[in-house]
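Now for the letters of each chain:
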Amino acid sequence: MITTDQIWTERMLAVLRIMTALLFMQHGFAKLFGWPHVAMFDNLQPFTLIWFAGVIEIVGSGLLLAGLFTRYAAFIMSGEMAIAYFHSHGLQAFFPILNRGELAALYCFVFLFFAFSGAGAWSLDGALGKKTH
């Protein structure tokens, strides 16, 4: 028997998944399409590390948003954020508040959570009968 708590937990997991995907997707759009405009991405060259990060951010976020291949997409994005943290932030200072790596670290662990939890409610994974929890 499914309880009301379980139903709402699955729904709120879906809300977290959808909002995380939308927020993360804007990073990829800023890198690859210049929208929203972020000056540091103005001269981004194709097939560089940051360009590939943008591809992962758009494709992975799209999959996460739809709840399709959620665990795989989230695992890859978690890895991307771990690399981003250590490559861009971790060498500057130990504490994330000092090295401006809080967002990368948080995304890394949120995506790692989705890699283990699955998509929750309102997902294509669930509609296709894949295990979501």
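The rules we used
The written sequence of each chain sets the order in which its residues are numbered from 1. A pLDDT threshold of at least 70 governs which residues receive local features in this predicted model, and a stricter bar of 80 or more applies before side-chain atom pairs are shown or counted, although totals over entire chains, interfaces and linings include all residues. Computation of side-chain values covers all heavy atoms of the structure but excludes hydrogens and water. Segments assigned H or I by DSSP are reported as helices when at least four residues long, segments assigned E as strands when at least two residues long, and all are numbered from the N terminus. Multiplying 1.5 Å by the helix residue count minus one yields the expected span of that helix. Summary of the burial criterion: residues with accessible area below 20% of their type's maximum are buried, those above 50% are exposed, and those between are partly exposed, where the area comes from a 1.4 Å probe applied to protein chains only. Contacts between residues were defined by any pair of non-hydrogen atoms, one from each residue, lying within 4.5 Å. Under the counting rule used here, the positive set is Lys and Arg, the negative set is Asp and Glu, and His together with the chain ends is not counted. Here, a salt bridge means any side-chain nitrogen of Lys or Arg that lies within 4 Å of a carboxyl oxygen of Asp or Glu. Polar contacts here mean pairs of N or O atoms no more than 3.5 Å apart (in protein, one a potential hydrogen donor and the other a potential acceptor; neighbouring residues in sequence count only if both atoms are side-chain atoms). Grouping into patches uses exposed residues only, defined as over 30% relative accessible area, and leaves out salt-bridged ones; the cut-off is 9 Å for like charges and 5 Å for nonpolar side chains (Val, Leu, Ile, Met, Phe, Trp, Tyr). Surface accessibility in these figures is a Shrake-Rupley result with a 1.4 Å probe; residues are shielded only by whichever protein chains are displayed. In the cavity and pocket records, a cavity denotes points on a 1 Å grid over the protein atoms alone where a 1.4 Å probe fits but cannot get out, a pocket denotes an open set with protein on both sides within 12 Å along at least 5 of 7 lines, and lining residues are residues with an atom within 4 Å of a point. Grid points are joined across faces, edges and corners, and a volume is the space filled by probe spheres set on the points. Asp, Glu, Lys and Arg are counted as charged, while Ala, Val, Leu, Ile, Met, Phe, Trp, Tyr, Cys and Pro are counted as nonpolar; the rest, among them Gly, fall into the polar class.

Student: So what's going on with helix α1 (residues 4-33)? Which residues, and what values?
Tutor: Taking 1.5 Å of rise per residue, the 30 residues of α1 would be expected to cover 44 Å, and the 42 Å separating its terminal C-alpha atoms lies within 8% of that figure. Considered for burial, the residues of α1 that qualify are L13, A14, R17, T20, A21, F24, M25, G28, A30 and K31. Here the buried face of α1 lies against α2 (49-66), α3 (70-89) and α5 (102-117).

Student: Account for the side chain of R17, naming residues and giving values.
Tutor: Position of R17 among the secondary structure elements: in helix α1. Buried R17, no salt bridge; nearest opposite-charge side chain is D125, N-O distance 7.3 Å. A polar atom in the side chain of R17 sits 2.9 Å from the backbone oxygen of L64.

Student: An account of a nonpolar patch on the surface is requested, with residue identities and associated values reported.
Tutor: Taken together, the side chains of I2, I7, W8, M12, V15, M19, L22, L23, L65 and W122 define a hydrophobic patch exposed on the protein surface, amounting to about 960 Å² of accessible area. The leading source of residues in the nonpolar patch is α1, at seven residues. Within the secondary structure, M12 sits in helix α1. Residue classification places M12 among the partly exposed positions, given a relative accessible area of 48%.

Student: Before we move on, could you go through the layout of surface pockets and cite the residues and values that matter?
Tutor: Approximately 730 Å³ is the volume attributed to the largest pocket. Around the largest pocket, the lining is made up of 27 residues, and of these K31, E57, M81, A84 and S88 lie nearest the centre. Looking at the lining of the largest pocket, the elements that each hand over two or more residues are α1, α2, α3 and α5. For the lining of the largest pocket, the class distribution of residues is 17 nonpolar, six polar and four charged.

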